[in-house]
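What the coordinates show
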Amino acid sequence: MIFAQNAVFGLLIGGLYGLAAVGLSLVFGVLKMLNVAHGELLMLGGYTGFWLFTLWGVDPFLAVLPSALALFGVGALLYQVLFRRLIYASDETKLKNSILIGFGLTLVMQTLAILAWTADERAITTPYAGAVVHIDGVVVPVLRVGALGVAFLVLGGLHLFLHRTLPGKALRATAEDVEAAALAGIPVPKIFLLSFGLGSALAGVAGTLVSMTDAVSPAIGLSWTLKALIVVVLGGLGSIFGTFAAGLFLGVTESMSGFVLGNAYREVMGLVLFLLVLVLRPQGLFGSGPA
Amino acid sequence: MTGRFIDVRGGPARRLAVVSAVAALALLPVVSANQAILNWAFLVLLYAALAQSWNLLGGFGGQVNLGHAAFFGLGALVTRTVWLRGLPVGEALLLGTLSSLGMGVLVGVPSLRLRGPYFAIGTLAVAEILRITVGNALPQVSVLPAETLATYTLVPRYYLALGLAVGITAAVWGLARSRVGYGIAAVREDEGVAEAIGVNAFRHKLGVFVLSGCFAGLVGGVFAYYHVSFYPSFAFSPLWTFDPLLITYLGGVGTVWGPVIGAVFFLSLREALALRLGEVHLLVFGLLFIAVVVALPGGFMAAVRVRGFESKMPNARG
């Protein structure tokens, strides 16, 4: 029974890992840039949700939408001011400099968040925060199930957007071959902007959910970036649901190793798993073809 | 900026400047008994040495290592442990460096085969694994015992840091002019071409990686010898990756003097800003760093470009 309980908790938190990772993977897939400030964008999304709830009583499940819009704006701004400068660089320079810019951004955003909102942990406590459902003796918190549901819905929407709409198809074409996409008349710079905005918006959604299920503080960025990176590598690039599955897998792995080795080591096992996959199967657990 | 093989021989004026600067630093403890100044100078030298070790791999070798803290931390941990068990500090430092060397080989062999972002992420993961594990296994703060504290003086530590900063900088300077150094530069610019002209890319990359790690471990050892009390996991903090990275880029990545100038600038600004502005100094550093990466990829060295100050080492970016 404890086993099942751990599995359930792992799955529930894993959905958020998956959501955080899809945003990172989207930006990497289209722009070939690695935004290591992704966790900080998630943190901003968390604060957006927190303040919407605290100031105006907006339910966090509804706050997901304004939070996504706000972070889309932040992402678009960051792209226009900073990352846009890299798009004509060689692949290697682009990657390296995007990591470096992202690293600088983590410092800036973290410090700004501390100045604006202090270093305290903040969490949203809704009236229904404590509600649980018992299934066969396994405790299932309603809030986390709701968060997992939102994550799944958002990714489903993203999937439909990418496969059924023209801008979505243009985005996938750009990810596959920039030059061919440009030759086919796709406005590549706009697609880049859209991808970066979408990736940030996904971080915003994830952050709002995190502020409800866990807590936000200015320092949570690095650990979420790492989680997202681990999930991207586990899942391999290219498939939204592969990434989501990898997120669930990481959640369960962490939860189980926390149970077996003690809570202090739950993150370590995730990282070890990540290194093993990196060395033995660089195309990812669920991916196909070379990375 | 790539391939800027301007041959600037160290003219007598420049050589004199370097020698007199080192001499002045060596005389500092004799001239001034002010512990605050000596302490500040120690930190500048320690950071310069650490940044130089990052620069060796990141600037010269072209590999962004986000897990430099792992080497620093391991060197610090091993050195501290065996030194406090009663081994002479020299042997303790040697053991600390050897452990970093071992980890360099262990981490380098699998991770350097990875392309793209995976090297940077993989090294970051290694450092985080070590930080969390050390924090769990050794939660107690490490404090120097009373008999060591009674005889504690800053001066020998200062000379160690001076020796490291000078030694590592000299090693980078020398390597940049050697046959192996040209091989490393070739691999950095284009692995395929380097292989085609007979340079074993993997061996060169591994060599720089391990050497850079050894230097970082050695600097970590001196840190452990210097610090009165710290949590063992603190030496594995990402700060020990990010600060040297910042220093290297502010000063000028891939140049011999960049990390040294960057360290002086970084610690002066930190001292001045941290007192007046508190947290805000991190904001300033972050913005400065982004500005350098985006607008001035050569850092301070490119901005000033004092004649005769240039290194032969071509800049790391294309």
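Residues numbered from 1 in each chain as written. Chains lettered and ligands numbered in written order. Predicted model: local features only at pLDDT ≥ 70, side-chain atom pairs only at ≥ 80, totals over all residues. Heavy atoms only, no water.

Time to look at the overall build of chain B. Secondary structure summary: chain B contains 14 helices and 2 strands in total. Buried positions account for 53% of the 318 residues belonging to chain B. Sequence-distant contacts, at least 24 apart, represent 81% of the contacts inside chain B between residues at least 6 apart. Of the roughly 13,100 Å² of accessible surface on chain B, a fraction of 69% belongs to carbon and sulfur atoms. (Helix = DSSP H or I, 4+ residues; strand = E, 2+ residues; numbered from the N terminus. Buried < 20%, exposed > 50% of the residue type's maximum accessible area, 1.4 Å probe, protein only. Contact = heavy atoms within 4.5 Å. Areas by Shrake-Rupley, 256 points an atom, 1.4 Å probe, with all protein chains shown as cover.)

Before going further, it helps to examine the overall build of chain A. Looking only at helices and strands, chain A features 11 helices and 2 strands. Taken over C-alpha atoms, the radius of gyration comes to 19 Å for chain A, in line with the 19 Å a tight globule of 291 residues would show. Projected onto the principal axes, the alpha-carbon positions of chain A cover approximately 60 × 45 × 35 Å. Within chain A, the proportion of its 291 residues that are buried is 54%. Partitioning the contacts of chain A with sequence separation of at least 6, the portion at a separation of at least 24 is 77%. (Rg over C-alpha atoms; globule rule 2.2 N^0.38 Å.)

Residue and element names in this part refer to chain B. Per the counting criterion, the structure on display carries 25 aromatic pairs over all chains. Relative to Phe209, the ring of Phe119 lies with its centre 5.7 Å away and its plane at 75 degrees, an arrangement referred to as edge-to-face. Pair noted here: Phe119 is in helix 5 (residues 118–137) and Phe209 is in helix 10 (residues 201–226), with a separation of 90 residues, a long-range link. In this pair, the class of Phe119 matches that of Phe209, namely buried. Taking the centre distance of 5.7 Å and the plane angle of 70 degrees together, the rings of Tyr158 and Tyr159 count as edge-to-face. The buried category is assigned to Tyr158, whose relative accessible area is 0%. For Tyr159, a relative accessible area of 34% corresponds to the partly exposed category. (Phe/Tyr/Trp six-rings, centres within 6.5 Å; stacked < 30°, edge-to-face > 60°.)

Let us look at helix 8 (residues 188–213) of chain A. In this model helix 8 of chain A runs 37 Å from its N-terminal to its C-terminal C-alpha over 26 residues, within 8% of the 38 Å that 1.5 Å per residue would give. Burial analysis of helix 8 of chain A places 22 of its 26 residues in the buried class, the great majority of the element. (Expected span 1.5 Å × (residues − 1).)

Another aspect to go through is the interface of chain A and chain B. Listed per partner, the contact involves 36 residues of chain A and 39 residues of chain B. Across the chain A/chain B interface, buried area totals approximately 3,400 Å², and carbon plus sulfur atoms make up 84% of it. When residues of chain A are sorted by the area they lose upon contact with chain B, Lys96, Leu100 and Phe103 of chain A head the list and together hold 18% of the total. Between chain A and chain B we count 0 salt bridges in total. Taken together, chain A and chain B are joined by 1 residue pair in polar contact (both at pLDDT 80 or more). Broken down by secondary-structure element, the contributors of at least two residues to the side of chain A that touches chain B are helix 4 (91–117), helix 9 (221–235) and helix 11 (266–280) of chain A. (Buried area = accessible area lost by both parts, 1.4 Å probe. Salt bridge = Lys/Arg side-chain N within 4 Å of Asp/Glu carboxyl O. Polar contact = N/O pair within 3.5 Å; in protein donor to acceptor, adjacent residues only side chain to side chain.)

Bringing unusual backbone geometry into the picture now. Residue and element names in this part refer to chain A. Positive phi, close to 60 degrees, is recorded for Lys32, a residue that is not glycine. According to the relative accessible area criterion, Lys32 is partly exposed, its value standing at 30%. Although it is not a glycine, Thr118 sits at a positive phi angle of roughly 60 degrees. Along the polypeptide, Thr118 turns up in the loop between helix 4 and strand 1 (132–135).

Here we come to the pairing of strand 1 of chain A. Residues and elements named next belong to chain A. Where strand 1 lies against strand 2 (residues 138–141), 4 bridges are found, and the strand directions are antiparallel. Along strand 2, the bridge assignment pairs Val133 with Val140. In sequence, strand 1 turns back onto strand 2 through a hairpin of 2 residues, with Asp136 there showing a positive phi of about 55 degrees. (Pairing = 2+ DSSP bridges.)

This part takes up the packing of helix 11 (residues 239–251) of chain B against helix 13 (residues 280–295) of chain B. When two helices pack together, their arrangement is given by the angle between the helix axes and by the axis-to-axis distance. Residue and element names in this part refer to chain B. Across the interface, helix 11 lies against helix 13 with an axial gap of 9 Å and an inter-helix angle of 50 degrees. If you check the angle between helix 11 and helix 13, you find them oblique. As for the relative orientation of helix 11 and helix 13, their crossing is left-handed in sense. Residues Leu245, Leu246, Tyr249 and Leu250 of helix 11 form the contact with helix 13, whose participating residues are Phe285, Leu288, Phe289, Val292 and Val293. (Axes fitted to C-alpha atoms, helices over the stretch in contact; angles between N-to-C directions. Parallel < 35°, antiparallel > 145°, perpendicular 65-115°, else oblique. Left-handed = near helix turned anticlockwise from the far one by under 90°.)

To continue, consider the nonpolar core. Counting 173 residues, the largest nonpolar core has Phe83, Leu105 and Leu209 of chain A together with Tyr249 of chain B as its most contacted members. The greatest single-element share of this core, amounting to 15 residues, is contributed by helix 2 (residues 35–60) of chain B. Excluding residues that lie within four positions of it along the chain, Leu209 of chain A makes contacts with Leu16, Leu19, Val64, Ala147, Val150 and Ala151 of chain A. (Core = buried A, V, L, I, M, F, W, Y, C linked by side-chain atoms within 4.5 Å.)

So, on to the pattern of salt bridges. A full pass over the atoms with the stated rule returns 7 salt bridges over all chains. A salt bridge links Lys227 of chain A to Glu267 of chain A; the nearest nitrogen and oxygen atoms lie 3.3 Å apart. With Lys227 of chain A in helix 9 and Glu267 of chain A in helix 11, this pair connects stretches of sequence that are 40 residues apart. Classification of Glu267 of chain A as partly exposed rests on a relative accessible area of 31%. The shortest N-O distance in the salt bridge between Glu128 of chain B and Arg131 of chain B comes to 2.9 Å. Taken as a pair, Glu128 of chain B and Arg131 of chain B lie in helix 5 at a separation of 3 residues, close to a single helical turn.

This next bit is on a nonpolar patch on the surface. All names here are of chain B. A surface patch of nonpolar side chains, about 520 Å² in accessible area, is lined by Leu87, Leu94, Leu95, Leu98, Leu101, Val105 and Val109. Inspection of the secondary structure puts Leu94 in helix 4 (residues 89–111). Assessed through its relative accessible area of 53%, Leu94 is described here as exposed. (Patch = residues over 30% accessible without salt bridge, like charges linked within 9 Å, V, L, I, M, F, W, Y side chains within 5 Å.)

All names here are of chain A. By the element assignment, Gly75 lies in helix 3 (residues 60–81). C-alpha of Gly75 to C-alpha of Ile240: the two residues are 165 residues apart in sequence and 20 Å apart in space. Setting aside anything within four residues of it in sequence, one finds Gly75 in contact with Phe196 and Ser200.

Looking now at the confidence of the model for chain B. All names here are of chain B. Averaged over every residue, the pLDDT of chain B is 85; the share at 70 or more is 90%. Confidence drops under a pLDDT of 50 for residues 1–8, and excluding neighbours within four residues, the segment shows 21 contacts in the predicted structure. A low-confidence stretch, residues 306–318 (pLDDT under 50), is modelled with 55 contacts involving residues beyond four sequence positions or located in other chains. Taken over the whole predicted complex, pTM reads 0.85, whereas the ipTM for its chain interfaces reads 0.84. (pLDDT = per-residue confidence, 0-100.)

For helix 2 (residues 38–56) of chain A, which comprises 19 residues, the first-to-last C-alpha distance of 27 Å matches the rise-based estimate of 27 Å (1.5 Å per residue) to within 8%. Just downstream of helix 2 of chain A lies Gly57 of chain A, where phi reads positive at about 65 degrees.

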